[in-house]
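# Structural overview for review
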Amino acid sequence: MVFYKYSGSGNDFLIVQSFKKKDFSNLAKQVCNRHEGFGADGLVVVLPSKDYDYEWDFYNSDGSKAGMCGNASRCVGLFAYQHAIASKNHVFLAGKREISICIEEPNIIESNLGNYKILDVIPALRCEKFFTNNSVLENIPTFYLIDTGVPHLVGFVKNKEWLNSLNTLELRALRHVFNANINIAFIENKETIFLQTYERGVEDFTLACGTGMAAVFIAARIFYNTPKKAALIPKSNESLELSLKNDEIFYKGTVRYIGMSVLGMSVFDRYFL
C-alpha cells in the first residue's frame, strides 16, 4: 500500500488510491499519527467516478470525515495530474461539491472552491462567556459564521501582534459551541490579510487552512469592502491568492510533493480487500 505525501502551504496530506469505497477512518488515524505513523494533517482516498475525473473521501488526522479541504484539493489535483489520473484542467467530486482544478507549471495549483454561505452574524455578547480576562477576543465586536465547504467562525482584530497571543482554550471552546473551525484575522491593507486558524479534527492551530482562508476572504470582502482579489497569509507565512469570480471562490498557491511511504501487506489486506 503506497501513500504519497503532499504539502500545501505547510498543510500536509497522505494520498492513496482505492477502487472500493469504504470506511478508512481507522486507517487515517493510524497513518496520520506523527509518532507512530507517517504523520499528516489528513488522509485523501482517491476513488474512481463515473461522472468526474475522480472523487475523494477526505479524513482528518483524528479519523473524522470532512466534505471539503482547500489545501487538500490543491494537493490531490497535482497528484492526479502527476499520476495520469486527470489532465491539467479537471474536475473532481468532494462530497457533494464539484471542485475544478487548474495546474500552472511546475507546481502552482488553483482550485475553484465553489460557492459560500453566510450562516450567521454573531455579536461578541454571544461569545464573551468563553473569554478569559484580558482576552484578545474581547476586542472583536462581531463574528461571522461562513460555510466554504465546511463551517468557519471568523473574527477580525485591529492589531497584527494579537494573532500571536490567541488562547487555545478559548478557541477550542468556540470550536465546540459553533461546531466550526475558528479563524482570527488582521487586515493589513485592502489586499493583504493575515490569519490564524484553529481547526477541528486537528484540534490545534494549523499552518494553513484553505477553506478557512476562503471564509476570511469572504468576510473581509462582504463586511470590510476589500477587493475581489487578495493575498492571505496564514501561520505558515506563505502568501496565497484568493479571488472571487461569478460568486465562486478561487484559491491559488504552491503545492510540494514530499515523498512516498509504504505500509505492509497485512494493512493492505485489512483495508483494501
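The structure presented is a predicted model; accordingly, all values stated were derived computationally and were not measured. (Residues numbered from 1 in each chain as written. Predicted model: local features only at pLDDT ≥ 70, side-chain atom pairs only at ≥ 80, totals over all residues. Heavy atoms only, no water.)

What follows concerns the pattern of salt bridges. Following the criterion strictly, the structure yields ten salt bridges and no others. A salt bridge links K245 to E110, with the nearest nitrogen and oxygen atoms 3.8 Å apart. Here K245, found in strand β16 (residues 240-245), pairs with E110, found in strand β8 (residues 108-114); they are 135 residues apart in sequence, far enough to count as distant. Here K245 falls in the partly exposed class, since its relative accessible area comes to 37%. (Salt bridge = Lys/Arg side-chain N within 4 Å of Asp/Glu carboxyl O. Helix = DSSP H or I, 4+ residues; strand = E, 2+ residues; numbered from the N terminus. Buried < 20%, exposed > 50% of the residue type's maximum accessible area, 1.4 Å probe, protein only.)

Attention now moves to the pairing of strand β7 (residues 97-104). Strand direction decides the pairing type here: strand β6 (residues 89-94) and β7, joined by six bridges, are antiparallel. Counted as the bridge partner of F92 is I99 from β7. Hairpin connection, β6 to β7: the antiparallel pair is bridged by two residues, and G95 has positive phi, about 65 degrees. Examined bridge by bridge, β7 and β8 share five bridges and lie antiparallel to one another. Among the inter-strand pairings, S100 is bridged to a residue of β8, identified as N112. Hairpin connection from β7 to β8: three residues lie between these consecutive antiparallel strands. (Pairing = 2+ DSSP bridges.)

On their own, these measurements won't tell you what the molecule is for.
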